[in-house]
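Each chain is listed here by its residues.
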Amino acid sequence: MSLLSDNTTPAQAHGRGRFDATVELNRVICREHYVLRLRLPGGFPPSLPGQFVQLGCRPPGAPDGAIDASWLGGCEHAWQPGDTPPQAQQPELRERVSVLRRPFSIAGRGDDAGGSWIDVIHRVVGVGTAWLAGLKRGDAVDLIGPLGNWFTLPAGKSMGLLVGGGVGLPPMFYLAQALYEAGWDAVGFVGALTADLLAVTFVADTPPDGQGAPWRCVEEYSQFDFPTVVTTDDGSLGMHGRITRGLERYLSAQTREDAAKTVVFTCGPNPMMHAVARLSASHSVDCQVCVEQAMACGMGTCQSCVVKIESPQDPHGTTDAGRPWRYRLACTDGPVFQAKEVLW
Amino acid sequence: MGKNTTTTQQTVTPSLAVDLAGLKLSNPLMTASGTCGYGYEYGDFVDLSRLGAFVTKSITAEVRPGNEPSRIVETRAGMLNAIGLANVGLDAFMAEKLPPLQRMRQDGPRIIVNVAGHSIDDYVNTAGHIAADEDVDAIELNVSCPNVSDGLTFGTNPKLLKELVGLVRKAMRPACKLVVKLSPNVEDITATAAAAVEGGAQILSMINTYTAMTIDINKRRPRLANGTGGLSGPAIRPLAVYLVHRVYRCVARDAGVPIIGMGGVQYWQDAVEFLLAGASGLAVGTALFADPATPVTILEGLTEHLRQQGCKSVTELIGALELHTDPPAAPYP
Ligand SMILES: Cc1cc2nc3c(=O)[nH]c(=O)nc-3n(C[C@H](O)[C@H](O)[C@H](O)COP(=O)(O)OP(=O)(O)OC[C@H]3O[C@@H](n4cnc5c(N)ncnc54)[C@H](O)[C@@H]3O)c2cc1C
Ligand SMILES: Cc1cc2nc3c(=O)[nH]c(=O)nc-3n(C[C@H](O)[C@H](O)[C@H](O)COP(=O)(O)O)c2cc1C
Ligand code: FES
């Protein structure tokens, strides 16, 4: 499939589905962050950077087989000391299991003789991600995807600035692969509170620059020949300060001709993306954001994941500043939106 | 009571068909309003033609944007939602959402359109308009939404509810059935159930979500922008089973009004509980988010259970609960 053309079509057109995936590796990459590689032996539909998967963060299919009908029918279950009592196998009676699936950006994918693999990079923040952290090679994971829309590469542009903060990094890695294949140039911007929360692999002997100069210091980008700016809020590695400080330094040094060819792609916490969007606008650079809203279904049924988007057509309301807006669904209309349309 | 019928196990293919006050379904399973969109959103993940009925998101006369986010939060064994009846509105529903449902109906499922409103006129007009379409088999009146300011007015006041149901019934095409969806957020659900039946409800569906709250202890604020939300999922199942049982025994059984049971249905065992308590239909809501194929999986488990129990029809389970105070129905073989 040709990557990321301007004329996006609905993700559904490319096919999506539910898959029984197997864990190929689950590796700690830095404090609280894991790289989870999932193998789909039967293959995975075409996917694009920005799209996500919904993972069932609990043992797949356990209850149906586990609860014996005879237990519900009476006392016929021949329970032996040492057996798990059937009640305890009922997920909702365990201490805490997730009810809903959890959305994760696709951080990379590949297709080979063994089917397809998908990388997910996740940070342990609660019950679902804690379950993922405990997965071992060979374990089963129930996966739905690919879902949502994707980043687009507008005609006339050829330089991508990939701004990923915290758990907003994963889609950027996948995008880097696509930009490389499309012949674009790119610079990675990687930020976190502190050095040990940077979910990247550093290139040996090439530490990030303390002044924010882009160097080939991060494996995930340097494999495509892209340099990276690293920032930490506490100054423990790379440039001291927020990711926007690194971005501002870069944008300010750009010539007008370079800026005209540049697109900022960003994913991370909302306040960060908002700041990145403002910064891009002030330098007249296009910006696409990938939002992370709480989701129940991920498929456009529950209306839980809404984002306020500027929309002169069929508006739901008007802001104080007089801009007409409409709620759009992060799961099907997004997660990628044009930054200038998002009403933060 | 066929508890040990090894000989019949192979021979009986149980019938799953149910008849809800003349609304004939190929099986009792349906989607719960608001958890399955308007139709084909889950089409890639489940064979929708296997549903007994499809129930839409609540439709209101006007477009509703819904509440500010955040609109959902997961809780132990459940979730809270405060969507606020976000929907496309009557006109867009008729023009864009109904035609695909009409096609779905040709494959088997009956079509139930859920309707909400903020005044009697509003309900009457919307329900009357939608019910005029021959392909709409039933209207489900949502008088029980806890997430909009006027959502519970009708659902908690028996007198008002009876009046509303009566007027809506009159405005509807006669062959289209009227389902009234009851709220658990009332002192005595049998009073609202009886009022709905007296008003002309042909089917009761129950329950909508329980008003609830969770708090972000660091921010000292509710986790939902709306403050409160409706609790659904496995957490409410025993509460829902009890209310179905109560309404069945106190109101519905004698009135001959079937019940569509819902609230935390996730596995076939849950479905059997609701059937025994007195439900004739079963709606799956929150569980669809984790697995859109849940109704079909339940259907398969239920069929096997009926076979093992030696039941010829799923109807043998409806209301078949034996209380500890009931005389034993039949001696154990
Ligand atoms: C499109 C999209 C892509 C994402 N990509 C990634 C990724 O690549 N890596 C990663 O680590 N995280 C990602 N997230 C965030 C991730 O989904 C949450 O961290 C995860 O759901 C937390 O689940 P939990 O059970 O561990 O935490 P809990 O706090 O126990 O979760 C409770 C509920 O809150 C929701 N929730 C909590 N945090 C978030 C959040 N930040 N965003 C959305 N919902 C949240 C959960 O889905 C769940 O319903 C993404 C979110 C979205 C919407
Ligand atoms: C996200 C969400 C949206 C809902 N929207 C509606 C609605 O629009 N109209 C309605 O009558 N009920 C609505 N409900 C209630 C469900 O139809 C159902 O009554 C309730 O969730 C209990 O079933 P469950 O535990 O299987 O989800 C909604 C529930 C959820 C979780
Ligand atoms: S997550 Fe359900 S509509 Fe977006």
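For clarity, every value in this text was computed on a predicted model and none was experimentally measured. (Residues numbered from 1 in each chain as written. Chains lettered and ligands numbered in written order. Predicted model: local features only at pLDDT ≥ 70, side-chain atom pairs only at ≥ 80, totals over all residues.)

A. Spatial organisation of the overall build of chain A. When helices and strands are counted, chain A shows nine helices and 17 strands. Burial analysis of chain A (344 residues in total) assigns 48% to the buried set. Looking at chain A alone, contacts between residues at least 24 apart form 68% of all its contacts between residues at least 6 apart. (Helix = DSSP H or I, 4+ residues; strand = E, 2+ residues; numbered from the N terminus. Buried ≥ 20, exposed ≤ 12 C-beta atoms within 10 Å, placed from the backbone. Contact = placed C-beta atoms within 7 Å.)

B. Just the site of ligand 1, in detail. Lining the immediate environment of ligand 1, one finds 23 residues, of which A:Gly126, A:Gly128, A:Thr129, A:Val167 and A:Glu292 sit closest. Chains contributing residues near ligand 1 are chains A and B. Secondary-structure elements contributing two or more residues to the shell around ligand 1 are β4 (102-105), β6 (115-123) and α4 (127-133) of chain A. A total of four residues in the shell around ligand 1 trace back to one element, the largest contributor, which is β4(A). A breakdown of the residues in the shell around ligand 1 according to their chemical character gives 12 nonpolar, seven polar and four charged. (Near = placed C-beta within 6 Å. Nonpolar A, V, L, I, M, F, W, Y, C, P; charged D, E, K, R; others polar.)

C. Quick peek at the pairing of strand β7 (residues 110-115) of chain B. Residues and elements named next belong to chain B. Across the six residues of β7, six count as buried, placing the element largely inside the fold. Neither face of β7 is open: one carries Arg110, Ile112 and Asn114, the other Ile111, Val113 and Val115, and all of them are buried. In the sheet, β7 pairs with strand β8 (residues 138-142) via four bridges, with the strands oriented parallel. In the strand pairing of β8, Val115 is matched with Leu141. Following the chain from β7 across helix α2 (residues 120-131) to the adjacent parallel β8, one finds a crossover that is right-handed. (Pairing = 2+ DSSP bridges. Right-handed = clockwise from strand over helix to strand, strands pointing away.)

D. Region of interest: the packing of helix α4 (residues 189-199) of chain B against helix α5 (residues 237-255) of chain B. Residue and element names in this part refer to chain B. Contact geometry for α4 and α5: axes closest at 10 Å, N-to-C directions at 35°. In this structure, the crossing between α4 and α5 has a hand that is right-handed. Of α5, the residues touching α4 (which contributes Ile189, Thr190, Ala193, Ala194 and Val197) are Leu243, Arg246, Val247, Cys250, Val251, Ala252 and Ala255. Along the lines of polarity and charge, the residues of the contact of α4 with α5 split into 10 nonpolar, one polar and one charged. (Axes fitted to C-alpha atoms, helices over the stretch in contact; angles between N-to-C directions. Left-handed = near helix turned anticlockwise from the far one by under 90°.)

E. Looking closely at the sheet that holds strand β11 (residues 239-240) of chain A. Residue and element names in this part refer to chain A. Spatially, β11-β10-β9-β8-β12-β13-β17 is the arrangement adopted by the seven strands of the open sheet, whose pairing is mixed. Two strands in the sheet have a free side with no partner beyond their single neighbour: β11 and β17 (336-338). With two bridges connecting them, strand β10 (residues 228-232) and β11 associate as parallel partners. If you follow Thr231 over to β11, its bridge partner there is Met239. Against the sheet, helix α5 (residues 169-181) contacts β8 (159-165), β9 (185-192), β12 (262-267) and β13 (286-290), and its axis sits at roughly 160° relative to β8. Those strands touched by helix α9 (residues 270-282) are β8, β12 and β13, and its axis lies near 170° from that of β13.

F. Summary view of the site of ligand 2. By nearness alone, 28 residues border ligand 2, and B:Gly34, B:Ser58, B:Ser232, B:Gly285 and B:Thr286 come closest of all. Neighbouring residues of ligand 2 are distributed over chains A and B. Split by residue class, the shell around ligand 2 holds 11 nonpolar, 15 polar and two charged.

G. Quick peek at the interface of chain A and chain B. If you look at the interface, chain A gives 29 residues, while chain B gives 32 residues. When grouped by side-chain class, the residues that make up the side of chain A that touches chain B number 13 nonpolar, 10 polar and six charged.

H. Spatial organisation of the confidence of the model for chain B. Residues and elements named next belong to chain B. Of the residues in chain B, 92% have a pLDDT of 70 or more, and the chain-wide mean is 93. The low-confidence segment residues 1-9, where pLDDT is below 50, has 12 contacts with residues more than four positions distant or belonging to other chains. Reported confidence for the predicted complex is 0.91 by ipTM and 0.92 by pTM. (pLDDT = per-residue confidence, 0-100.)

I. View of the sheet that holds strand β14 (residues 306-310) of chain A. Strand order in the open sheet formed by three strands is β14-β16-β15 (chain A), and the pairing between neighbours is antiparallel. Looking at the sheet topology across the chains shown, the edges are occupied by β14 and β15 (317-318) of chain A.

J. A look at the packing of α5(B) against helix α6 (residues 268-277) of chain B. Residue and element names in this part refer to chain B. The contact between α5 and α6 brings their axes to 8 Å, and the two run at 25°. As judged from the angle between their axes, α5 and α6 are roughly parallel. For the pair α5 and α6, the crossing hand works out as right-handed. Here Arg237, Val241, Val244, His245 and Tyr248 of α5 come into contact with α6, specifically with Asp270, Glu273, Phe274 and Ala277. Residue classes in the contact of α5 with α6 are distributed as five nonpolar, one polar and three charged. (Parallel < 35°, antiparallel > 145°, perpendicular 65-115°, else oblique.)

K. Broad picture of the nonpolar core. Residues B:Ile139, B:Leu141, B:Leu204, B:Val244 and B:Val247 are the most contacted members of the largest nonpolar core, which totals 202 residues. Split by domain, this core shows at least three residues from each of two domains, domain 1 (11-58 + 98-147) and domain 3 (159-292) of chain A. Contacts of B:Val244, omitting those with residues within four sequence positions, involve B:Met206, B:Ile259, B:Gly261, B:Phe274, B:Ala277, B:Gly278 and B:Ala279. (Core = buried A, V, L, I, M, F, W, Y, C linked by C-beta atoms within 7 Å. Domains from an automatic or database assignment.)

L. Representation of unusual backbone geometry in the model. B:Pro69 connects to B:Ser70 through a cis peptide bond whose omega is 5°. With respect to the secondary-structure elements, B:Ser70 resides in the loop between β4 (53-55) and β5 (72-75). For the peptide bond that leads from B:Met206 to B:Ile207, omega is 10°, which places it in the cis range. Within the secondary structure, B:Ile207 is located in the loop between β10 (203-206) and β11 (210-212). Phi at A:Asp314 is positive, roughly 45°, even though this residue is not glycine. On the basis of neighbour count, A:Asp314 is assigned to the exposed category, with 10 C-beta atoms found within 10 Å.

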